[in-house]
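# Chain and residue survey
Spelled out from the first residue to the last, the chains are:
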Amino acid sequence: MSVSARRNVTVWTVLKWAVAIMVAVIAVFPVWWMVNVVFSLPGEPVSINPRLWPTSMSAGIDKIRMIFAETAYMRAYAVSLAYAGLTIFGVLLVGSLAAFEFALFEFRGKNVLFAVILLSLMVPTAATIIPTYLLTSSLGWLNSMQGLVVPGLASAFGLFMLVQFMRAIPRDMIEAARLDGANHFQIYWFVALPLSRNAMITLAILTFMQTWGNYMWPLIVGTRPDMYTVGQVVGLFNAPLSHQTVDVVMTANLLAAIPPLVFFLIFQKQIVEGIAMSGTKG
Amino acid sequence: MAFLDITSVTKSFGAVSVLKDVSLAIEKGEFVVFVGPSGCGKSTLLRMITGLEDPTSGTIAIDGEVVNDVEPAKRGTAMVFQSYALYPHMTVYQNMSFGLRMAGKSKAFIRERVERAASILRLEQLLDRKPAQLSGGQKQRVAIGRSIVREPRVFLFDEPLSNLDAELRVQMRAELMELHRRLGTTMIYVTHDQVEAMTLADKMIVMHAGRIQQAGAPLDLYDDADNRFVAGFVGSPKMNFLPARVAGSDANSVKLEAIAGTGSATLPFAGLPGALDAVELGLRPEHLRMVSPDAPTGGGLVLEGRVALAEELGAESYVHVDLADGTRVIARAGRDAARASQTARLVGDLDRVILFAPDGARLRGTGGPDA
């Protein structure tokens, strides 16, 4: 090892790595434990002499097959995916249209309106959930997809994030598009929207994470089993009167965690960049 | 009626009046440059011509048609922005064709127009690139290309060269002149750089504080400014202004004393307003020469002062001299002459002196040439 290379390895570097590895282990262990429990013979990982690695691939596959065969897990997957997909589409559409106006144009009452929207960020969900439920109920939307999706479309956070991003679009560019003969919607569609691509991807990811993990609203609004989301089905496995053993519960958990995990692995870079961006822009 | 007629146009933003009663006529095919310091209203005027701002009052007519209420895209104008305003997510081809696509033109038509513009601007090789992959000069050419494809009646340029380095600016200036010669379209160009204005313009319009100060050919403005502002703004180095007291005048001449403190001279000038007891002399640096102490003055205006700074430009040299009353003037000097001494003796060409009243208005003689 050369002198300069050796000098680079300081106590600080070692400490940094040690802390990073520790944090990674703490974060990864629950997921690993879940995999471990699923792919082992029942009872083995929680025995007096537990193993930290999977011992039986076939046991895991049997459990997964059993869950898919005996419960409405596939249907719940479909409901959750539709719920997440429609919410993402709706949030992006509503948010970007509103942000386009708020960020790039002047209109009467703009500041007051924006302040009201931001204020709604400060009201906890628990305070609004009953009025929202009552409204959804009186619309006859209980146990329906629109009941699940529509109340979540007006995302104040999403709007705020997109407004901050779109404010950075130079005014010249919008004016150039006007001179090029683009109408209001064409400016939005051909100029503002493509230029906000990164912010839109970030918002889509954050919305997916939030929707997939949303337990409370589907529980309240979708009481019929055919409207259960993955979260609710997992909840059933965990319920006090459930007769499932811990390894089956873990299998249900693992199946629920796979989509966000895959999603996170694919979009890791954008998620980190997007969160950093939403904090520093503007 | 001129091709582009601006009549009594005013513009206010709230209580702030940006343009005050501006009237202007521009002929077809002219290269017109609006020049003036920041905040003089030149960009606002340009934006009103293209429709990005509405006039508070007054009319703008293009080719006989009042366009105040016509949509920007339908006025037949195209604008090149200072920031280029290229769409970063589109290729050069898409940038240039955007306007035609919005107008619903056929693909073949668009391709033909874009390719023609690209060949004029030597952009053929760059059509598939994104703006981020282009140099400043190339971006500028794409921005111009985007205007050309629309074949507008009037081209508008809003300080298009300010983001380029000095060398590229000179090159692009030449390209713009060539483009104007080739297309023959009316071009209106906004800049705060009077050198740029002088080199490009058929007609130069000097603006200040929301008003047109003077309009005309660049050399006419240089030689025959209407007021102190225009005289001071046009030309580099700037015109020298020397305060003086009127000691007396007759039908054909005026006698001036205390010129910059100590100088005196008699100028040929007919009909100086009697009430004036103080005036200001304007004299361009090339008409004020630094001479050796024993050189003959030839009856010119003689001034003496201390050399504050010498600028050797290679082909010529200028000295900045502080005169007796503290006025700083710039004079042309021989090579190395400025460095040789601390004090300077300057001789001004009285035939080239122009006079200004204390309010900045040009004083013109009533009979024959005034200076």
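Here the structure is a predicted model, which is why all the values come from computation and not from measurement.

Let's shift gears to the sheet that holds strand 11 (residues 240-249) of chain B. Taken in spatial order, the 6 strands line up as 13-12-11-14-20-21 (chain B) in an open sheet, and their pairing is antiparallel. Looking at strand neighbours, the two that pair on one side only are strand 13 (263-268) and strand 21 (362-363) of chain B, the edges of this open sheet.

Residues and elements named next belong to chain A. With their axes 8 Å apart at the nearest point, helix 4 (residues 73-104) and helix 8 (residues 156-166) run at an angle of 45° to one another. In terms of their interaxial angle, helix 4 and helix 8 are classed as oblique. Remark: the crossing between helix 4 and helix 8 carries right-handed chirality. Here Val91, Gly95, Ser96, Ala98, Ala99, Phe100, Phe102, Ala103 and Leu104 of helix 4 come into contact with helix 8, specifically with Gly158, Leu159, Leu162, Val163 and Met166.

Residues and elements named next belong to chain A. Under the domain assignment, chain A is made up of domain 1 (3-59) and domain 2 (71-280). The straight-line distance from the C-alpha centre of domain 1 to that of domain 2 is 33 Å. Across the contact, 6 residues belong to domain 1 and 7 residues belong to domain 2. By residue class, the composition of the side of domain 1 that touches domain 2 is 6 nonpolar, no polar and no charged.

Turning our eyes to something else, we now look at the pairing of strand 1 (residues 4-13) of chain B. Residues and elements named next belong to chain B. In terms of strand pairing, strand 1 meets strand 4 (residues 57-62) through 5 bridges, oriented antiparallel. Residue pairing across strands places Thr7 opposite Thr59, the latter belonging to strand 4. Where strand 1 meets strand 2 (residues 16-26), 7 bridges bridge the pair, whose relative direction is antiparallel. Looking at strand 2, one finds that Val9 is bridged to Val22. The turn joining strand 1 and strand 2, which pair antiparallel and follow one another in sequence, is formed by 2 residues; a positive phi near 65° is taken by Gly14.

Two pairing modes exist for strands in a sheet, parallel and antiparallel, and in both the strands are linked by backbone hydrogen bonds. Residue and element names in this part refer to chain B. Spatially, the 4 strands line up as an open sheet ordered 2-1-4-5, and their pairing is antiparallel. Bordering the open sheet on either side are strand 2 and strand 5 (65-66), each of which pairs with just one other strand. Where strand 4 meets strand 5, 2 bridges bridge the pair, whose relative direction is antiparallel. For Ile62, the partnering residue across the bridge sits in strand 5 and is Glu65.

Rules used throughout
Residues numbered from 1 in each chain as written. Chains lettered and ligands numbered in written order. Predicted model: local features only at pLDDT ≥ 70, side-chain atom pairs only at ≥ 80, totals over all residues. Pairing = 2+ DSSP bridges. Helix = DSSP H or I, 4+ residues; strand = E, 2+ residues; numbered from the N terminus. Axes fitted to C-alpha atoms, helices over the stretch in contact; angles between N-to-C directions. Parallel < 35°, antiparallel > 145°, perpendicular 65-115°, else oblique. Left-handed = near helix turned anticlockwise from the far one by under 90°. Contact = placed C-beta atoms within 7 Å. Domains from an automatic or database assignment. Nonpolar A, V, L, I, M, F, W, Y, C, P; charged D, E, K, R; others polar.

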